[in-house]
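# Understanding the architecture of this molecule
So the chains spell out like this:
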Amino acid sequence: MLLFFLCLSTLSGLLVDFYIFHSFSLNYLLIGMAFSAAVANVLPEKELGDTLKLYNPLLNLSLVIVIVNLGMPLDYRLIAGAGLFTALYILSRAAGKIGGAYLGGKLTKADPAVTKYLGLTLLPHSGVSLVFTGIAATTLTGIDVSLASIVSGTIVAAAIINEIIAVIAAKYAFKWAGEIKE
């Protein structure tokens, strides 16, 4: 049923694109995310858990395909030339995640360990930025190919650097918060 209605929501998007926009304007990944969010909020917790046990292998395969698809057209030489934009992106992303988690923790009166360390544990998660990079690069290619290359190089380089450095920072944050023992 889940797959059927997921396909139905995608078909609805195709029909809107074809009959209203007369071009491919909608983001089908976001349509799927919105549908999944609605399902997750409507189904009772036990039923959702049972459904996700069946659906997770397909979801994991789909995510691998999306990430590989996004990475295929990227030029690895862009990573070396990303430089200043990459540094600014990494620092501003880190400031946003750490600052946002800290502020959110303070506003909700969360446990001090959560307030202090949650932002660091969020740093390695760059999959969403890769998805949106693909969208931005595709959009920018029609406007200016060099801008698309800068965006792709910056985000891909940042994702690679983040997945190396931020994983270590997250591990220490979990230790400092007392979540893992070593």
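Please read all numbers here as calculations on a predicted model, not as lab measurements. (Residues numbered from 1 in each chain as written. Predicted model: local features only at pLDDT ≥ 70, side-chain atom pairs only at ≥ 80, totals over all residues. Heavy atoms only, no water.)

## Section: the packing of helix α5 (residues 112-122) against helix α7 (residues 145-176)
One can describe the packing of α5 onto α7 by two numbers: an axis separation of 7 Å at closest approach and a directional angle of 155 degrees. As the angle between them shows, α5 and α7 are arranged roughly antiparallel. α7 is crossed by α5, and the crossing has left-handed handedness. Side by side, α5 and α7 meet where Tyr117, Leu120 and Thr121 of the first sit next to Ala166, Ala169, Ala170, Ala173, Phe174 and Trp176 of the second. Residue classes in the contact of α5 with α7 are distributed as 8 nonpolar, 1 polar and no charged. (Axes fitted to C-alpha atoms, helices over the stretch in contact; angles between N-to-C directions. Helix = DSSP H or I, 4+ residues; strand = E, 2+ residues; numbered from the N terminus. Parallel < 35°, antiparallel > 145°, perpendicular 65-115°, else oblique. Left-handed = near helix turned anticlockwise from the far one by under 90°. Contact = heavy atoms within 4.5 Å. Nonpolar A, V, L, I, M, F, W, Y, C, P; charged D, E, K, R; others polar.)

## Structural notes on the environment of Asn69
Tracing the backbone shows Asn69 in helix α3 (residues 45-71). Separated by 65 residues in the primary sequence, Asn69 and Gly134 place their C-alpha atoms 9.1 Å from one another.

## Thoughts on the packing of helix α1 (residues 2-21) against helix α2 (residues 28-42)
Contact geometry of α1 with α2 gives a least axis separation of 10 Å together with a crossing angle of 140 degrees. Judged by the angle between their axes, α1 and α2 are oblique. Like other packed secondary-structure pairs, α1 and α2 cross with a definite hand, here right-handed. Of the residues in α2, those touching α1 at Leu2, Phe5, Leu6, Ser9, Thr10, Gly13, Leu14 and Asp17 are Tyr28, Ile31, Gly32, Phe35 and Val39. Counted by class, the contact of α1 with α2 contains 8 nonpolar, 4 polar and 1 charged residues.

Purely geometric numbers; function is a separate question.
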